[in-house]
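Analysis of the macromolecular model
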Amino acid sequence: MKFDILTLFPEMFNSYLNESILKRAQKNKIIKIKLHNIRDFSKDKHKKTDDTPYGGGAGMVMTPQPLYDAIKYVKRTNKGPVIYMSPKGPKLTHTRAKRYATGTKSFILLCGRYEGIDERIRELLIDEEISIGDYVLTGGELPAMVFIDAVSRFIPGVLHDKDSAEEDSFSRKLGGKKEYPHYTKPAEFKGLKVPAVLTSGNHKEIEKWRKKHLK
Ligand code: 4G3
């Protein structure tokens with residue numbers, strides 16, 4: 001699976017994507033993440049990427065030329081959908097993330113800043129919009145990282161077998177978006193004991209207990 005990310009702030013991605021599970025997935029070539037700075041495509045003498053909105057009003061709008069050239073450039077090597085991270089898009093869910101992981105090989109993720117992008121870029125080049133939730137952030141960078149994380153968990157080999165996305169406490173098997181309580185060592189902490197059934201080794205009873213305690 002390949003992700004090309006278009007952003008004005010490529011450095012924001014380095015800390016999150018280059019640690020832990022996503023770091024290992026990249027090292028093992030299961031996922032590939034390429035960052036592109038939209039500013040590098042600006043033909044303006046000051047490398048400008050934003051301008052004031054026609055019709056007036058607050059804030060700035062991302063100007064079309066750098067976006068157009070950046071997206072066209074990435075589309076030469078990535079044939080996947082151009083997805084715009086937008087507070088107006090349909091919501092990313094567990095189910096949608098799984099569908100993306102099983103149905104699509106590559107993605108181009110566009111991160112907006114300010115008040116968003118010039119509408120003509122949406123018309124010409126955006127295939128889909130996705131929102132990670134009902135709130136506005138200062139940019140689409142966190143949403144893009146959330147998208148990559150949520151989708152990557154469903155790609156075989158990204159998680160170890162024992163913590164696979166199918167087997168996890170959030171999964172379908174145990175009834176959809178629900179979790180059972182988790183415990184690890186020690187068996188007693190601040191006077192609170194781990195339920196005895198979980199240390200019994202009786203897998204049938206453990207399964208029953210977990211089903212009963214789904215929240
Ligand atoms: C306003 C996505 C802000 C308009 C992006 C883009 C939240 C989400 C932005 C626009 C974002 C989200 C950038 N904030 N809920 N900020 O997924 O087109």
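Residues numbered from 1 in each chain as written. Predicted model: local features only at pLDDT ≥ 70, side-chain atom pairs only at ≥ 80, totals over all residues. Heavy atoms only, no water.

All right, on to the overall build of the chain then. Per the secondary structure count, the chain includes seven helices and nine strands. Here the C-alpha atoms of the chain give a radius of gyration of 21 Å, more than 25% beyond the 17 Å that 2.2 N^0.38 yields for 215 residues. With the principal axes as the frame, the chain shows a C-alpha extent of 70 × 40 × 30 Å. Taking as baseline every contact in the chain between residues at least 6 positions apart, the subset at least 24 positions apart corresponds to 75%. Charged side chains in the chain number 40 positive and 27 negative. The centres of these two groups are separated by 5 Å. (Helix = DSSP H or I, 4+ residues; strand = E, 2+ residues; numbered from the N terminus. Rg over C-alpha atoms; globule rule 2.2 N^0.38 Å. Contact = heavy atoms within 4.5 Å. Lys, Arg positive; Asp, Glu negative; His and termini not counted. Charge placed at Lys NZ, Arg CZ, Asp CG, Glu CD.)

Here the focus is the nonpolar core. Counting 29 residues, the largest nonpolar core has Phe 3, Ile 31, Leu 109 and Phe 147 as the members making the most contacts within it. Among the secondary structure elements, those contributing two or more residues to this core are strand E1 (2–7), helix H1 (12–17), helix H2 (20–27), strand E5 (82–85), helix H4 (94–103), strand E6 (106–111) and helix H6 (141–152). Ignoring anything within four residues of it in the chain, the contact list for Leu 109 reads Phe 3, Asp 4, Ile 5, Leu 6, Ile 83, Met 85, Ala 144, Phe 147 and Ile 148. (Core = buried A, V, L, I, M, F, W, Y, C linked by side-chain atoms within 4.5 Å. Buried < 20%, exposed > 50% of the residue type's maximum accessible area, 1.4 Å probe, protein only.)

This brings us to the site of the ligand. Contacts to the ligand come from 17 residues, most closely from Tyr 84, Ile 132, Gly 133, Tyr 135 and Leu 137. Between the ligand and the protein, one listed contact pairs an oxygen atom with a side-chain N or O atom of Tyr 84 at 2.5 Å. Separating a nitrogen atom of the ligand from a backbone N or O atom of Leu 137 is a distance of 2.8 Å. Spatially, the ligand is embedded in the largest pocket. (Near = heavy atom within 4 Å. Polar contact = N/O pair within 3.5 Å; in protein donor to acceptor, adjacent residues only side chain to side chain. 1 Å grid on protein atoms, 1.4 Å probe; cavity = no way out; pocket = protein on both sides within 12 Å on 5 of 7 lines; lining within 4 Å. Sits in = over half its atoms within 2 Å of the grid points.)

A word on the packing of H4 against H6. The description of two helices packed together rests on the angle between their axes and the distance between the axes. Taken N-terminus to C-terminus, the directions of H4 and H6 make an angle of 70°; their axes are 8 Å apart at the nearest point. Compared by their axis directions, H4 and H6 come out roughly perpendicular. Contacts between H4 and H6 involve Ala 97, Tyr 100 and Ala 101 on the former and, on the latter, Phe 147, Ala 150 and Val 151. A per-class count over the contact of H4 with H6 returns six nonpolar, no polar and no charged. (Axes fitted to C-alpha atoms, helices over the stretch in contact; angles between N-to-C directions. Parallel < 35°, antiparallel > 145°, perpendicular 65-115°, else oblique. Nonpolar A, V, L, I, M, F, W, Y, C, P; charged D, E, K, R; others polar.)

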